[in-house]
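Commentary on secondary and tertiary structure
Here is what each chain is made of, one letter per residue.
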Amino acid sequence: MYQALYRKWRPQTFADVIGQQHITDTLRAQLQSGRLSHAYLFTGTRGTGKTTCAKILARAVNCEHPVNGDPCNECAACRGILDGSVLDVTEIDAASNNGVDNIRDLRDETRYTPAQVKKRVFIIDEVHMLSIGAFNALLKTLEEPPEHVLFILATTELHKVPATILSRCQRFDFRRIGAEDIARRLLDVAAGEGIELTEGAARLIARLADGAMRDALSMLDRAAAAGAVDEQAVTAALGVLGQDDGIRLAEHLKTGDLAAAVALIDDYYNAGRDLAAVYDQMLGLIRDALLVKTSKTDVSALISPAYSVKSLQKLCDGLASSTLIAWSRVIGEALDRMRSAANRRVEAELCAVRLCSLGAEQYDSLGGRVEALEEKLKHGVPVAAAPAQTVARQAEDMPPPPGDEDAPPPPDDRDAPGWLADEASAQAAPKPKQPDKPAIAAWPQWPQLLDALSGKINTGAYTNLKLSGKGVLEDGALVILCEDGITVMLAKAEPTMKVIREQAAALAGAPIKVKVREAGDEPIEQKNAAVDELIGRAKAFDIQVKEL
């Protein structure tokens, strides 16, 4: 029967254990010197070798011919423990045997001497699952067990183990296994199994395993079911992003190409990939990009092996660190919503919309937003056009207000007596003067004003005016139309406003009035000429008009 790779390739000696040399060297030294403890506590994240080391230690203390602290795996004791025929080595799952009665039975068994080997070994896996009563029942036996008994406890959640248990054990902390170590081990296993595994695929699996060797072997098992294993096979089998996929999505987000970003997400969705996992991997890419962007030293050893420093540097051109931090915040919020969302695809696409159109509220500060804009300008990354650029043109194309020809005809009172005299007096009455419409036109010297302001006003104000400001002439006054309220605030602040007036007057050759307002807040004409005309004629005919 086929056996899973993580079971088939489980290390049989301390020398085979990957990434835990600080623990295996200590255990071998204790075995060689005979200074073994009566109780050990192995703690660490999943798949790092806790149970494996516990089983190796159980064989090593009972081995008839140990080799430098390692079990020989050839003697009767080693073979019996390996095949499970030696009942003196017991492995207990605390998740399903967590009651007081289970521990009392175990405590009663410690009284009996081993029948086949030197020591009775009790391996209690996931010991943090024991109840408080079970822990209390174990305390005395764990502190002073018989000489022929050895306890090995293993847990992934150390904080749930009482301090009274911790103080009675020798504690060993298992580290996450490095990605390079996992990749090398995967290549060795693939060679032994006859699996065609590329180095790039091994590095990708190692990154996804997150320090767990068992997870990496399980992923290799899944990917190898279809034959040769390369990066495309891994991404297809595991439903994750490849290196190029992550970089390509980030590039679309950087340039604000929402259509391309949503199309990529649609491709991932149709390919059966978990969209939450896609964004989770994007967080890893953002983390690596931040390291490359902000660090002044070589960080190649700190970034994920799936990405190269060169590709990350290229991605960071035009991306400020404040933008990357804003991305991580938006993605984190989206992941929280996706856990309970009825439609994950819609939530994923909405997240792409937010990432492509970051607003001021997504940044930590105004300085962060200004930094992001300056970074884009520096590297020539396209910036969204300011709506204010079209305001003047729209104003010029506005149709004139309705005149006399559009006014409704006066009531026909020719049958009334004296209508002729009234008509004559109405024609003699002066017509109300039609208010002039403010003339709006683009100010041709606006580019020269921006050049003159460079280096003379606050950098943030200058950047915002250049990106989202537009100068127009309105009744002889210079009106600066801004895309948003932040630009209005920065431009109106002193001494920025004073410098703008001075430079505008120098360019105009005479003092000029300067106003700043947000685009879309143009003053609305308070009176309608056609309405005024109608009211005037009505009054001429002694018609009572009620104005609301």
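This one's a predicted model, so the numbers in the text were calculated from it and none came from an experiment.

Focus on the overall build of the protein chain
- When its secondary structure is counted, the protein chain shows 25 helices and nine strands.
- The buried share of the protein chain, taken over its 548 residues, is 44%.
- In the protein chain, of all internal contacts separated by at least 6 residues, the share reaching a separation of at least 24 is 74%.
- Carbon and sulfur atoms provide 51% of the accessible area of the protein chain, an area that totals close to 28,700 Å².

A short note on helix α22 (residues 459-468)
- In terms of burial, α22 is a largely internal element, eight of the ten residues being buried.
- Every buried residue of α22 is listed here: Gly460, Ala461, Tyr462, Thr463, Asn464, Leu465, Leu467 and Ser468.

Some details on the sheet that holds strand β1 (residues 39-44)
- Across the sheet, five strands lie side by side as β2-β3-β4-β1-β5; this open sheet has parallel pairing. Of all the strands in the sheet, the pair left with one neighbour each is β2 (89-93) and β5 (170-174). Here the average twist between neighbouring strands, direction ignored, is 15°.
- With five bridges connecting them, strand β3 (residues 120-125) and strand β4 (residues 149-155) associate as parallel partners. Note on β4: the bridge partner recorded for Arg120 is Val149.
- Sheet contacts for helix α5 (residues 100-109): β2, β3 and β4; angle to β3, the most-contacted strand, approximately 160°.

Structural notes on the packing of aromatic side chains
- Taken as a whole and judged by the stated rule, the model has five aromatic pairs.
- Taken together, the ring pairs connect Tyr40, Phe42, Phe172 and Phe174 into an aromatic cluster.

Thoughts on the confidence of the model for the protein chain
- This prediction gives the protein chain a mean pLDDT of 81; 80% of its residues lie at or above 70.
- For the stretch residues 385-407, pLDDT sits under 50, and the model shows 28 contacts to residues farther than four places along the chain or on other chains.
- Confidence drops under pLDDT 50 across residues 431-435; counting only partners more than four residues distant or on other chains, this segment forms six contacts.

Examining the side chain of Asn73
- With respect to the helices, strands and loops of the structure, Asn73 is situated in the loop between α3 (50-62) and α4 (76-83).
- Judged by its relative accessible area of 15%, Asn73 falls in the buried class.
- A polar side-chain atom of Asn73 sits 3.2 Å from the main-chain carbonyl oxygen of Gln12.
- Side-chain polar atoms of Asn73 contact the side chain of Arg59, separated by 2.9 Å.
- Beyond its immediate sequence surroundings of up to four residues, Asn73 is in contact with Gln12, Thr13, Arg59, Cys78, Arg79 and Leu82.

Re helix α10 (residues 213-223)
- Along α10, eight of the eleven residues are buried, which leaves the element largely enclosed by surrounding structure.
- Every buried residue of α10 is listed here: Met213, Asp215, Ala216, Leu217, Met219, Leu220, Asp221 and Ala223.
- Packing partners of the buried residues in α10 comprise α1 (5-8), α8 (179-193), α9 (199-209) and α11 (231-238).

Considerations on unusual backbone geometry
- Note the cis peptide between Glu494 and Pro495, where omega equals 5°.
- Take Pro495: it is sitting in the loop between α23 (485-492) and α24 (496-508).
- Positive phi values are uncommon outside glycine, yet Asn68 reaches one of about 55°.
- Tracing the backbone shows Asn68 in the loop between α3 and α4.
- Judged by its relative accessible area of 55%, Asn68 falls in the exposed class.
- The backbone phi angle of Asn73 is positive, close to 60°, even though this residue is not glycine.

Describing the packing of helix α21 (residues 446-453) against α24
- Running from N to C, α21 and α24 point in directions that differ by 130°, and their axes come no closer than 10 Å. As far as their axial angle goes, α24 and α21 are oblique. In this structure, the crossing between α21 and α24 has a hand that is right-handed. Between α21 and α24, the contacting residues are Gln448, Leu449, Ala452 and Leu453 on the first element and Val499, Ile500, Gln503, Ala504 and Leu507 on the second.
- Looking at side-chain class alone, the contact of α21 with α24 contains seven nonpolar, two polar and no charged residues.

Overview of the nonpolar core
- Of all hydrophobic cores here, the largest spans 40 residues; its most connected members are Tyr279 and Met282.
- Those elements that provide at least two residues to this core are α12 (243-255), α13 (258-270), α14 (275-294), α15 (309-316), α16 (321-338) and α17 (344-356).
- If one sorts the elements of this core by residue count, α14 sits on top with nine residues.
- Residues contacting Tyr279, with those up to four places away along its chain left out, are Ile265, Ile331, Leu335, Met338, Ala348, Cys351, Ala352 and Leu355.
- If you look at the next biggest cluster of nonpolar residues, it comprises 29 residues, including Ile23, Cys63, Val89 and Val121.

Observations concerning the pairing of β2
- Looking at chain direction, β2 and β3 are connected through five bridges and run parallel. Within the sheet, the bridge partner assigned to Val89 lies in β3 and is Val121.

Things to note about the packing of α13 against α14
- Viewed as axis vectors pointing N to C, α13 and α14 meet at an angle of 130°, and their least axial separation amounts to 10 Å. Taken together, the axis directions place α13 and α14 in an arrangement best described as oblique. In this structure, α13 uses Ile265, Tyr268 and Tyr269 to contact α14, whose residues at the interface are Leu275, Val278 and Tyr279.
- Along the lines of polarity and charge, the residues of the contact of α13 with α14 split into six nonpolar, no polar and no charged.

Details of the pairing of β4
- Among the seven residues that make up β4, seven are buried, leaving the element largely enclosed by the rest of the structure.
- Because side chains alternate across β4, one face comprises the buried residues Val149, Phe151, Leu153 and Thr155, and the other comprises Leu150, Ile152 and Ala154, equally buried.
- Pairing geometry for β1 and β4, over five bridges, is parallel. Across the sheet, the residue bridging to Phe42 is Ala154, located in β4.
- Chirality of the crossover, the property in question, places the unit of β3, helix α6 (residues 132-143) and β4 among those that are right-handed.

What counts, and at which threshold
- Residues numbered from 1 in each chain as written.
- Predicted model: local features only at pLDDT ≥ 70, side-chain atom pairs only at ≥ 80, totals over all residues.
- Heavy atoms only, no water.
- Helix = DSSP H or I, 4+ residues; strand = E, 2+ residues; numbered from the N terminus.
- Buried < 20%, exposed > 50% of the residue type's maximum accessible area, 1.4 Å probe, protein only.
- Contact = heavy atoms within 4.5 Å.
- Areas by Shrake-Rupley, 256 points an atom, 1.4 Å probe, with all protein chains shown as cover.
- Pairing = 2+ DSSP bridges.
- Axes fitted to C-alpha atoms, helices over the stretch in contact; angles between N-to-C directions.
- Phe/Tyr/Trp six-rings, centres within 6.5 Å; stacked < 30°, edge-to-face > 60°.
- pLDDT = per-residue confidence, 0-100.
- Polar contact = N/O pair within 3.5 Å; in protein donor to acceptor, adjacent residues only side chain to side chain.
- Parallel < 35°, antiparallel > 145°, perpendicular 65-115°, else oblique.
- Left-handed = near helix turned anticlockwise from the far one by under 90°.
- Nonpolar A, V, L, I, M, F, W, Y, C, P; charged D, E, K, R; others polar.
- Core = buried A, V, L, I, M, F, W, Y, C linked by side-chain atoms within 4.5 Å.
- Right-handed = clockwise from strand over helix to strand, strands pointing away.

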